[in-house]
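Here are the chains, one letter per residue:
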Amino acid sequence: MSSQRELQPGASTETLFEHASARLFTAINGTQNALSAEAVDEAARMLREAKQVFCFGQGGSMLLANDICARFASLSTKFRTSGDSHLQLLTASLMNEADVVLFVSYSGATRDMMETLRTAKAAGAKIILLTHYEDSPGASLADVVLRCGAQESPLDSGSIPIKVAVLYVGEVLVLRYILDSPE
C-alpha cells in the first residue's frame, strides 16, 4: 500500500492521490478498530445528562475540539468552548458535578491539559478524553476514554489523517447523541 512506502522525489501527482487516500483510510480504519462502543455509549449518556459541556484542547487539538463543539452546539445550547489554556483552566475551576469536559488530546499528556483536567475533576466535573493513548496521564483522570487509533510519527505532528480520525470519533459521538436524543 502506498501509505507504507516512502514517497520519492519526483513522485507523480497520481501517486500522491493514492498515498494520501491510503493514509486517510488507514487512520479511519485504525480508529474504528480502537474505538469502544461501550465508551461511546457512556460518553453520549454523560453528554445528554450534563448541564454544560465544555469542549477543550490545545494547539491543533483545540481547533478539532472547536469543530466538534460547533457540531454539538447546533443541537443544544449547553455546548461551549474556551479560547486558550488559561481560560480553560479558569472555566474548569468554576465547574461542578453537573458539568462535563470533552478534551481532545492526541498524546493525552500535555502539561496544560493535565492542569485543566485536575482542576475540573476536583470541582466534580466528569471528563471524556479523546486521545490515542488509553494509558496516558490524562486517561487516568478521565471517566471515559475515546480512542483515536491513527498512528502519528514525530515528523507527522498535526497530520491531516490524525485530524480526520479525531473528527471521525466526534462524528460517531454526535450520531449516538442524536439517535439517543431525538428532540
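(A) Representation of the sheet that holds strand β5 (residues 144–147). The five strands are arranged β2-β1-β3-β4-β5 in an open sheet whose pairing can be described as parallel. In this open sheet, the two edge strands, each paired with only one partner strand, are β2 (79–81) and β5. For this sheet the average axis-to-axis angle between neighbouring strands, irrespective of direction, equals 20°. Of the strand pairs in this sheet, strand β4 (residues 126–131) and β5 are connected by four bridges, and their pairing is parallel. Considered in β5, the bridge of Thr131 is made with Arg147.

(B) Structural context of helix α2 (residues 37–49). With 13 residues, α2 should cover 18 Å at 1.5 Å per step; its first-to-last C-alpha distance of 18 Å lies within 8% of that length. For α2, every residue scored as buried is listed here: Ala39, Val40, Ala43, Ala44, Met46 and Leu47. All buried residues of α2 fall inside an arc of 160° around its axis, so they share one side. Of the exposed residues in α2, the ones pointing more than 90 degrees away from its buried face are Glu38 and Glu49.

Conventions adopted
- Chains are numbered independently. Their residues run from 1 in the order of the written sequence.
- With pLDDT at 70 or above as the cut-off, local features in this predicted model cover only qualifying residues; side-chain atom pairs require 80 or more to be listed or tallied, and sums for whole chains, interfaces and linings still use all residues.
- With hydrogens and water stripped out, all remaining heavy atoms of the structure feed into the side-chain values.
- For two strands to be treated as a pair, DSSP must find at least two bridges joining them.
- A helix here means a DSSP run of H or I that spans at least four residues, while a strand means a run of E at least two residues long, and both kinds are numbered starting from the N terminus.
- Axes, fitted as lines to C-alpha atoms, cover a helix only where it is in contact. Angles between the N-to-C directions of the axes lie from 0 to 180 degrees.
- Residue count minus one, scaled by 1.5 Å, sets the expected span of a helix.
- Working definition: with a 1.4 Å probe on protein chains only, accessible area under 20% of the residue-type maximum means buried, over 50% means exposed, and in between means partly exposed.
- Working note: the arc is built from the helix axis to C-beta atom directions.

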